[in-house]
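Residue-level structure breakdown
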Amino acid sequence: MSTGVSSLAAGRPVAGARPATGAWPAEPGGAFVARTWGACAGLGTGLVLAAVGAEHLAHHPAAAVLLLALAAAALGAAVLALRGPGGHLRAGAAVLAVGGAGLALVGTVTATVGVAEVSGLVLGALGGLLLALAHRGSAGGPPAHAPGGRAVAGRLLLVAVGAVLAAALTTAGLAATEAGAHAVPHGSHGLGGSGHHG
Amino acid sequence: MTQSPNRLVATVFGAVYLLVGLLGFTVTGGVPFVGQEGNPLIVFEVNPLHNIVHLLIGAALLASSRRVSSAKGMNTTVGAVYLLVGIVGLFIIGSSANILALNGADNVLHLGSALILLAVGLGADKGTARARTV
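Residues numbered from 1 in each chain as written. Chains lettered and ligands numbered in written order. Predicted model: local features only at pLDDT ≥ 70, side-chain atom pairs only at ≥ 80, totals over all residues. Heavy atoms only, no water.

1. Quick notes on the environment of B:Leu115
- If you trace the backbone, B:Leu115 turns up in helix α4 (residues 105-123).
- Overall, the relative accessible area of 2% leaves B:Leu115 in the buried class.
- In sequence terms B:Leu115 and B:Asn51 are 64 residues apart; their C-alpha atoms lie 22 Å from each other.
- Once residues lying within four places of it in the same chain are set aside, the contact partners of B:Leu115 are A:Cys40, A:Leu43, A:Ala163, A:Ala166 and A:Ala167. (Helix = DSSP H or I, 4+ residues; strand = E, 2+ residues; numbered from the N terminus. Buried < 20%, exposed > 50% of the residue type's maximum accessible area, 1.4 Å probe, protein only. Contact = heavy atoms within 4.5 Å.)

2. Concerning the pattern of salt bridges
Residues and elements named next belong to chain A.
- Per the stated rule, a full pass over the model turns up one salt bridge over all chains.
- Across the pair Glu27 and Arg35 runs a salt bridge whose closest N-O atoms are separated by 2.5 Å.
- Take Arg35: its relative accessible area is 1%, and that puts it in the buried class. (Salt bridge = Lys/Arg side-chain N within 4 Å of Asp/Glu carboxyl O.)

3. Observations concerning the UniProt feature "transmembrane region" (unreviewed entry) in chain B
Residue and element names in this part refer to chain B.
- Listed under "transmembrane region" (unreviewed entry) in the UniProt record, and renumbered for this structure, are residues 12-31, 51-68, 80-102 and 108-124.
- For residues 51-68, the helix share is 83%, the strand share is 0%, and the end-to-end C-alpha distance is 27 Å.
- Between the end C-alpha atoms of residues 108-124 there is a gap of 23 Å, over a span that is 94% helix and 0% strand. (UniProt positions renumbered as here; feature names shortened; annotations may be inferred.)

4. A few points about the packing of helix α1 (residues 29-56) of chain A against helix α4 (residues 115-137) of chain A
All names here are of chain A.
- Packing of α1 against α4 brings their axes to within 7 Å, and their N-to-C directions diverge by 150°. With respect to each other, α1 and α4 are oriented roughly antiparallel. Judged by the sense of rotation from one axis to the other, the crossing of α1 with α4 is left-handed. The residues of α4 that touch α1, namely those facing Ala31, Ala34, Arg35, Trp37, Gly38, Ala39, Ala41, Gly44, Thr45, Val48 and Val52, are Ala116, Glu117, Ser119, Gly120, Leu123, Gly124, Gly127, Leu130, Leu131, Leu133, Ala134 and Gly137.
- Taken together, the residues that form the contact of α1 with α4 break down as 13 nonpolar, eight polar and two charged. (Axes fitted to C-alpha atoms, helices over the stretch in contact; angles between N-to-C directions. Parallel < 35°, antiparallel > 145°, perpendicular 65-115°, else oblique. Left-handed = near helix turned anticlockwise from the far one by under 90°. Nonpolar A, V, L, I, M, F, W, Y, C, P; charged D, E, K, R; others polar.)

5. Observations regarding the packing of aromatic side chains
Residue and element names in this part refer to chain A.
- Evaluation of the coordinates by the stated rule reveals one aromatic pair over all chains.
- An angle of 70° between the planes, with centres 5.0 Å apart, marks the rings of Trp24 and Phe32 as edge-to-face.
- Judged by relative accessible area, Trp24 falls into the buried class, the value being 1%.
- In this structure, Arg155 is placed above the aromatic ring of Phe32, and the distance from its NZ or CZ to the ring centre is 4.7 Å. (Phe/Tyr/Trp six-rings, centres within 6.5 Å; stacked < 30°, edge-to-face > 60°. Lys NZ or Arg CZ within 6 Å of the ring centre and 35° of its normal.)

As structure tokens, then:
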């Protein structure tokens with residue numbers, strides 16, 4: 001019997017099915033942190049890729065299409081990683097790494113490397129590394145029991161820390177894009193129209 | 001409730017948004033409903049429309065927090081909507097529909113909140129004693 005997996009005939013769990021989960025999936029703590037932080041970094045990578053891609057639409061459409069495609073892939077990989085551990089983490093790590101590299105490549109070719117590109121590169125590299133570590137960390141199979149008690153709140157706190165760190169890096173990158181330059185100050189949003197920076 | 005990250009997040013975020021929405025009205029007296037300039041509430045600039053949005057989000061999250069399934073759905077929805085609005089907004093920056101705000105410290109908090117909501121909505125409380133069967 002595989003570690004943590006039941007194997008029954010008809011009506012019983014399929015081999016390879018993960019054990020019943022509680023509040024959080026049953027995975028080692030380190031792998032949990034790497035996976036959730038990597039996923040948050042992945043969402044940030046996707047946002048920066050989309051913002052930089054939107055910037056290039058007018059003057060470098062081929063580069064824009066590439067970046068927007070990478071953005072969609074990064075966001076998808078991040079969402080899958082948030083859903084739980086699995087073999088998709090390795091592919092997700094590759095997607096994020098390629099996304100960061102794509103930003104660096106486009107920035108170099110178009111001579112537009114700036115804070116946004118650096119932010120996206122860092123997010124993509126960190127996200128890829130973290131997802132790869134998460135995949136490796138959970139390769140030995142899930143623990144016998146899902147976390148309970150104080151561990152539930154503890155893991156929630158860790159998720160919050162990772163989310164805020166990723167948000168800080170992402171916001172810095174987004175603010176450095178053309179969209180950031182035209183951003184409406186918070187509090188000035190209105191119905192059907194807002195002021196914008198010059 | 002403390003054993004469900006989704007119920008916990010929905011409760012805490014719902015209460016905070018409600019509080020921010022209510023307190024916002026104490027500083028937006030005289031501010032036009034959809035004014036171009038807001039008044040600061042601690043580090044956030046708000047206007048009456050913002051306060052109402054905060055109240056609605058807070059009420060929705062709190063109302064959903066009584067059950068795991070509804071809290072999970074609401075957390076995912078609010079987080080996803082925020083993310084999608086952010087992405088769509090990247091392509092309408094020159095239009096009158098632009099509401100995007102990407103460059104304030106408060107947006108770290110907003111984006112961080114969206115990431116937390118998505119993380120718990122997608123990744124936590126994924127099922128009790130249920131397993132796939134043939």
